[in-house]
Amino acid sequence: MILAGALAKAALPEMQRFNPMRNLGTTSLAQGGIVRSGTLALSMPLSGPRASTLPVHRPNIPGMIWCQVVLAALPLVAWVLFKDGVGDADSLVQLWCVALTLQPIWMIYSWKRMGGEVFSPYTIFAVAVFLFNAGQAVLEVLGLNTLGLLGRKVPESILAETVLLVFYGLSSMHFGALISAVTKSRGRMFARFHVPPSTFRQIGVALFVVSVVPSIMVWRQAVNLVVEGGYGAIYTSDRATGIGSAPLILSGFLIPSAFLLLAGGRSKRTIRRAAFTIIACYVLASMFVGFRGQAVAVLVAFLWLWHQTIRKIPITAVLALLAGLGVFVLPLVGVIRTASGVDRMSVSTVSSAYSQIQNPAVSILYDVGGTMLAPAYTLELVPSQRPYDLGLSYAYAGLAFFPNLFWEVHPTSERALSTWLVNTAEPQRAALHGGLGYSIIAEAYLNFGFAGSALPMALTGWVLGRMSKWSEAGRATDITCFVAIALASLILWSRGESAEVVRGVVWYAAIPYFIVTLWQRPRARLPM
């Protein structure tokens, strides 16, 4: 709470200068203007009267920030009191499940009031974190959780601490995002050369050529494995190392190639269709194999990039598409992905499997919300059986940047939190090569404890908030494309660990971004 108060106090000068108006054309009415000439986009201060003389609706910025500070402090106070024996576990669970259910409404409302877009990288990430870590809380409030919260696998006292930790983590993350909305770049003048669409197309084609054959090899092997032994066969097969891992590494550039083609295809329908075809094939292959989260993450990031660079997509259309996937496709994939052989491709088998699902919407929300087990088990095991990592897991995540060229087992994989959790909490599931995944909130607690988990969560919210601002209308397409590619990996962090997203962000987002920026020179820097 002291940390949150200090950050909010430090941000007050920026809040007072904050203007939610966007850059609406060649000249902005808020503190500066954009003058475009040829391929150069130059930002410079406006002379003359300030735009603040115009009647502009200003939200109560300090009030909203302090409101978020209070929301972050409440679960911390409740946790301290509960540890001191104040309060009943069952009552706390019911009360904070209601609070968790209402939390995304406040998060989206306050983000929009602070000048953010509803369909943005931050809101996408926040909704993913909520669904994976608090989805079952919604079912609990609606009386649809027939198996009980987390299947009653943990004691009621741990459940109470879990819902408090999840609410605290989400609130801390949103506090960081709101601070990012009022954080402004400092500097008097910035210049940037425009990257022509042809550059995106050329690099997109080059990456496609590099990745298409390795992708076919990797996906062919994956499909053969699941046809022969089901979804679990992927995790029991031997993993290639050294030079043998080259096809897997190169195949990762397939998605960036499609995103770059889309970014350069605003006036080229054929290019847009090619990008869409690549993504459609990837999503269908991922669904067939059983990688539901991976497929949805790439699809949502691609839709957002389309929304930013090609044509605005109504938020209702996005919600309708995701609802259709959640009700019809994802539950079905969850049922049939354990099947093997021709049963996976049998219409009768697929139809029979779907008919066994009593309520697909409840089924997928319960399944997705099962990620809450990760913070629950972590609370139960840390620090009683394992000491706090104190940032060590994040340090090992950084090692994921280096490919496994000479280790028998990569140090990052050897210390995987998801592997530790399933081996310790559910060894029987581990023996069957099953998994529990992990959670961004659980990892924050594992490193810094309950109160200290606010720091990495707030930093994450701030970074996602800044990424959203970087890609607002009027920003450079290369930055927007970088954010979209990174977003496809970051979404999966909501139900995983930091080590799983480093390569996706550094290898497959940052490297293409630097290729684009170096391709088109000279270049100057946009304010971040």
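As a starting point, this report considers the structure included with it. Predicted model only: the values in this text are computed from it and were never measured.

Criteria and thresholds
- Residues numbered from 1 in each chain as written.
- Predicted model: local features only at pLDDT ≥ 70, side-chain atom pairs only at ≥ 80, totals over all residues.
- Heavy atoms only, no water.
- Helix = DSSP H or I, 4+ residues; strand = E, 2+ residues; numbered from the N terminus.
- Buried < 20%, exposed > 50% of the residue type's maximum accessible area, 1.4 Å probe, protein only.
- Contact = heavy atoms within 4.5 Å.
- Areas by Shrake-Rupley, 256 points an atom, 1.4 Å probe, with all protein chains shown as cover.
- Expected span 1.5 Å × (residues − 1).
- Axes fitted to C-alpha atoms, helices over the stretch in contact; angles between N-to-C directions.
- Parallel < 35°, antiparallel > 145°, perpendicular 65-115°, else oblique.
- Nonpolar A, V, L, I, M, F, W, Y, C, P; charged D, E, K, R; others polar.
- Patch = residues over 30% accessible without salt bridge, like charges linked within 9 Å, V, L, I, M, F, W, Y side chains within 5 Å.
- Salt bridge = Lys/Arg side-chain N within 4 Å of Asp/Glu carboxyl O.
- Lys, Arg positive; Asp, Glu negative; His and termini not counted.
- Charge placed at Lys NZ, Arg CZ, Asp CG, Glu CD.
- Core = buried A, V, L, I, M, F, W, Y, C linked by side-chain atoms within 4.5 Å.
- Bend = angle between axes of the 7 residues up to and from the residue.

## A closer look at the overall build of the chain
Broken down by element type, the chain carries 23 helices and three strands. Counting only residues that meet the buried cut, the chain has 51% of its 528 residues in that class. Looking at the chain alone, contacts between residues at least 24 apart form 79% of all its contacts between residues at least 6 apart. Of the roughly 24500 Å² that the chain leaves accessible, carbon and sulfur atoms contribute 65%.

## Some points on helix α11 (residues 292–309)
Look at α11: 26 Å from first C-alpha to last across 18 residues, which is about the 26 Å you get at 1.5 Å a residue. Burial within α11 is extensive, with 15 of its 18 residues counted as buried.

## Considerations on the packing of helix α4 (residues 121–142) against helix α5 (residues 156–181)
Relative orientation of the contacting elements α4 and α5 amounts to 175 degrees, with a least axis distance of 11 Å. Classified by the angle between their axes, α4 and α5 sit roughly antiparallel to one another. Contacts from Tyr122, Phe125, Ala126, Val129, Phe130, Asn133 and Ala134 of α4 reach α5 at Val166, Leu170, Met173, His174 and Ala177. For the contact of α4 with α5, a count of residues per class yields ten nonpolar, two polar and no charged.

## Some thoughts on a positive patch on the surface
A contiguous patch of positive charge on the surface is contributed by Arg266, Arg269, Arg273 and Arg311. Within the element layout of this structure, Arg273 appears in helix α10 (residues 269–289).

## Looking at the nonpolar core
Among the nonpolar cores identified, the biggest contains 144 residues, and Met173 and Phe259 are the most heavily contacted of them. Looking at this core element by element, the count peaks at 16 residues for α5. Not counting chain neighbours up to four residues away, the residues in contact with Met173 comprise Met107, Tyr122, Phe125, Ala126, Val129, Met457, Ala458 and Gly461.

## Description of α4
Of all the bends in α4, the greatest, near 65 degrees, is centred on Ala134. Of all 22 residues that make up α4, 18 are buried, and the element is covered over most of its length. Positioned one or two residues after α4, Gly143 has a phi angle of 75 degrees, which is positive.

Taken by themselves, the reported measurements are silent on function.
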